[in-house]
Amino acid sequence: MPERMNLTEYAELAMLFEVCAKHKPGNVDREHDYDDTRLEHFLCSAVRSRSVFENSENLSVGEMIFEAVKKTNIHSGGNTHFGAFILLAPLIKGKGVSGAAELVKKTSVEDAVLFYKAFGLTQVRMNKSDDIDVNDPASIQMLRDKKMTLYNVMEYSSENDMVAREWINGFALTKIFAEKLLSRNCGTSDIPKVFIEMMSEYSDTFIAKKFGAETSEDVSRLAKKVTAGETTVEDFDEFCIREGINPGSLADICIAGIFTALLRGWKWDY
């Protein structure tokens, strides 16, 4: 029987599998880059974050997110795994979904402060209506004044951000993604298939922030056509790339789902 991997290896492998999968419409993968962000940037991020994951027992969730962002903020490719770190940090420390769901409720105000400092290092898109500006030092003071924990911050953001919503709903989509992988038997080739299924079932909030809710819903309808065999994944991918549409939030959930499936014994090597 092969040796079982540890949590750090599962997390690193999940990030590598996600970005190297073929045909993840609109996202960087092994078949195409963006002008400003390439496959190599994601590979670098996965490797650089490993030391943070290895030290998870000595770090809080907020410290893990901040340190991971700081460690990976060395290339010119912008944000690569910020959303993934938000999900992986509690999943690693909690040793899976159940532990993570309880752990996030115990986060502190200082975790929230570190999260906002990490956010400020990224180029993540925010809603124009957000009251808490990560680039405004007064926002950090407001977190302390209102005694907002990192869980409170995610709760505040959950209505318009599906990654934040995972903290509040017990990592529901993470579990669904993992279950879809576990129910199949073709290994890593299933990752893009499950990804498109998830696109067809859940509107990506990153797309909604960039283009509006209607566009996000339109993309889900196009994904449904792919799953129904009414259009090809290549045509769907070409459309997303041409329009600059990338389902970044679902990509983060994809990573968390792969990690969870690996932890549950998913046989990826067929």
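## What about the overall build of the chain?
- Scanning the chain from N- to C-terminus turns up 16 helices and 0 strands.
- In summary, the chain has a C-alpha radius of gyration of 18 Å against a globular reference of 18 Å for 270 residues, a match within 12%.
- A principal-axis box enclosing the C-alpha atoms of the chain has dimensions of 55 × 50 × 35 Å.
- Expressed as a percentage of its 270 residues, the buried residues of the chain come to 51%.
- For the chain, the accessible area works out to roughly 12600 Å², and carbon and sulfur atoms hold 48% of it.
- Of the side-chain charges in the chain, 32 are positive and 42 negative, and the distance between the mean point of each set is 4 Å.

## Section: the side chain of aspartate 111
- In this fold, aspartate 111 is placed in helix H7 (residues 109–121).
- For aspartate 111, the side chain forms a polar contact with the side chain of serine 60, separated by 2.6 Å.
- A distance of 2.9 Å separates a polar side-chain atom of aspartate 111 from the backbone nitrogen of serine 108.
- If we skip the residues at most four places from it in the chain, aspartate 111 touches Ser60, Val61, Gly62, Glu63 and Leu150.

## Thoughts on the packing of helix H1 (residues 7–20) against helix H16 (residues 248–263)
- One can describe the packing of H1 onto H16 by two numbers: an axis separation of 8 Å at closest approach and a directional angle of 135°. Regarding the angle of H1 to H16, the classification is oblique. With respect to the hand of their crossing, H1 and H16 are arranged in right-handed fashion. Contacts between H1 and H16 pair Leu7, Tyr10, Ala11, Leu13, Ala14, Met15, Phe17 and Glu18 from the former with Ala251, Cys254, Ile255, Ile258, Phe259, Leu262 and Leu263 from the latter.
- Here the contact of H1 with H16 is built from residues that sort into 14 nonpolar, no polar and 1 charged.

## Focus: the side chain of asparagine 246
- Following the sequence through the fold, asparagine 246 ends up in the loop between helix H15 (233–243) and H16.
- Taking the relative accessible area as the measure of exposure, asparagine 246 reaches 13% and is therefore buried.

## Quick notes on the packing of helix H12 (residues 190–201) against helix H14 (residues 213–227)
- Running from N to C, H12 and H14 cross one another at 135°; their axes reach a closest spacing of 7 Å. Classed by the angle they form, the pair H12 and H14 counts as oblique. Once H12 is placed against H14, the crossing between them reads as left-handed. Each of Ile196, Glu197, Met199 and Ser200 in H12 lies in contact with H14, whose residues at this interface are Val219, Ser220, Ala223, Lys224, Val226 and Thr227.

## Remarks on helix H4 (residues 61–72)
- When the terminal C-alpha atoms of H4 are compared, their 17 Å separation across 12 residues agrees well with the 16 Å that a helix rising 1.5 Å per residue should span.
- Among the residues of H4, Val61, Gly62, Met64, Ile65, Phe66, Ala68, Val69 and Thr72 are the ones counted as buried.

## Quick word on the packing of aromatic side chains
- Per the counting criterion, the structure on display carries 8 aromatic pairs.
- Here phenylalanine 82 and phenylalanine 115 contribute two aromatic rings whose centre-to-centre distance is 5.6 Å and whose plane-to-plane angle is 20°, an arrangement assigned as stacked. Taken together, the residues span a long stretch of sequence, with phenylalanine 82 in helix H5 (residues 82–93) and phenylalanine 115 in helix H7 at a distance of 33 residues. There is no split in this pair, since phenylalanine 82 and phenylalanine 115 are both buried.
- Plain terms: the ring middles of tyrosine 116 and phenylalanine 119 are 6.3 Å apart, the flat faces sit at 45° to each other, and that makes the pair tilted. Taken together, the residues tyrosine 116 and phenylalanine 119, both in helix H7 and 3 residues apart, mark about one turn of the helix.
- Following the ring pairs from residue to residue traces out a cluster consisting of Phe82, Phe115, Tyr116 and Phe119.

## Considerations on the environment of glutamine 141
- Its location among the elements puts glutamine 141 in helix H8 (residues 137–145).
- It is 36 Å that separates the C-alpha atoms of glutamine 141 and glycine 244, two residues lying 103 residues apart in sequence.

## Considering the pattern of salt bridges
- Considering all chains together, one arrives at 16 salt bridges under this definition.
- A salt bridge links arginine 221 to aspartate 218; the shortest N-O distance between them is 2.3 Å. Separated by 3 residues within a single helix, arginine 221 and aspartate 218 lie in helix H14, roughly one turn from each other.
- Since its relative accessible area comes to 44%, arginine 221 is described here as partly exposed.
- By relative accessible area, which is 33% here, aspartate 218 ends up partly exposed.
- A single salt-bridge network, built from bridges that share partners, covers Lys180, Arg184, Asp190, Glu197 and Glu201.

## Re the state of the cysteines
- Applying the stated criterion to the full structure yields 0 disulfides.
- Between cysteine 254, a cysteine without a disulfide, and cysteine 20, which holds the nearest cysteine sulfur, the sulfur-to-sulfur distance is 12 Å.
- The buried category is assigned to cysteine 254, whose relative accessible area is 0%.

What counts and what doesn't
- Position numbers for residues count from 1 along each chain, tracking the sequence in the order it is written.
- Selection of residues for local features in this predicted model requires a pLDDT of at least 70, selection of side-chain atom pairs for listing and counting requires 80 or more, and totals for whole chains, interfaces and linings are taken over all residues.
- To get the side-chain values, take all heavy atoms of the structure and skip hydrogens and water.
- The way it works is that DSSP assigns letters per residue, a run of H or I at least four long becomes a helix, a run of E at least two long becomes a strand, and they are numbered from the N terminus.
- Two things to know: the radius of gyration comes from C-alpha atoms, and the globule rule equals 2.2 Å times the number of residues to the power 0.38.
- When accessible area is computed with a 1.4 Å probe and restricted to protein chains, residues below 20% of their type maximum are described as buried, those above 50% as exposed, and intermediate ones as partly exposed.
- Methods summary: accessible areas were calculated by the Shrake-Rupley approach with a probe of 1.4 Å, and residue burial reflects only the protein chains presented.
- His is not counted here, nor are the chain ends, while Lys and Arg score as positive and Asp and Glu score as negative.
- Charge positions come from single atoms, namely NZ of Lys, CZ of Arg, CG of Asp or CD of Glu.
- Polar contacts, as counted here, are pairs of nitrogen or oxygen atoms within 3.5 Å of one another; within protein the pair requires one atom able to donate a hydrogen and one able to accept it, and residues that are adjacent in sequence qualify only if both atoms are side-chain atoms.
- Only heavy atoms enter the contact rule, under which two residues are in contact if any of them lie within 4.5 Å.
- Angular values range over 0 to 180 degrees, each being the angle between N-to-C directions of two axes fitted as lines to C-alpha atoms, with helices fitted over their stretch in contact.
- Any angle that is under 35 degrees is reported as roughly parallel, and any over 145 degrees as roughly antiparallel; angles of 65 to 115 degrees are reported as roughly perpendicular and all others as oblique.
- Crossings are sorted by hand: turned counterclockwise from the far helix by less than a right angle, the near helix makes the crossing left-handed, and turned clockwise it makes it right-handed.
- When residues are grouped by polarity, Ala, Val, Leu, Ile, Met, Phe, Trp, Tyr, Cys and Pro land in nonpolar, Asp, Glu, Lys and Arg in charged, and all others, Gly among them, in polar.
- Here the expected span of a helix is defined as 1.5 Å times the quantity of residues minus one.
- Only Phe, Tyr and Trp rings are paired, with Trp represented by its six-membered ring, and only when their centres lie within 6.5 Å; those with planes under 30 degrees apart are stacked, over 60 edge-to-face, the remainder tilted.
- By salt bridge we mean one thing: a side-chain nitrogen of Lys or Arg within 4 Å of a carboxyl oxygen of Asp or Glu.
- For the purposes of this analysis, a disulfide is any pair of cysteine sulfur atoms at a distance within 2.5 Å.

That's the geometry; what it means functionally is another story.
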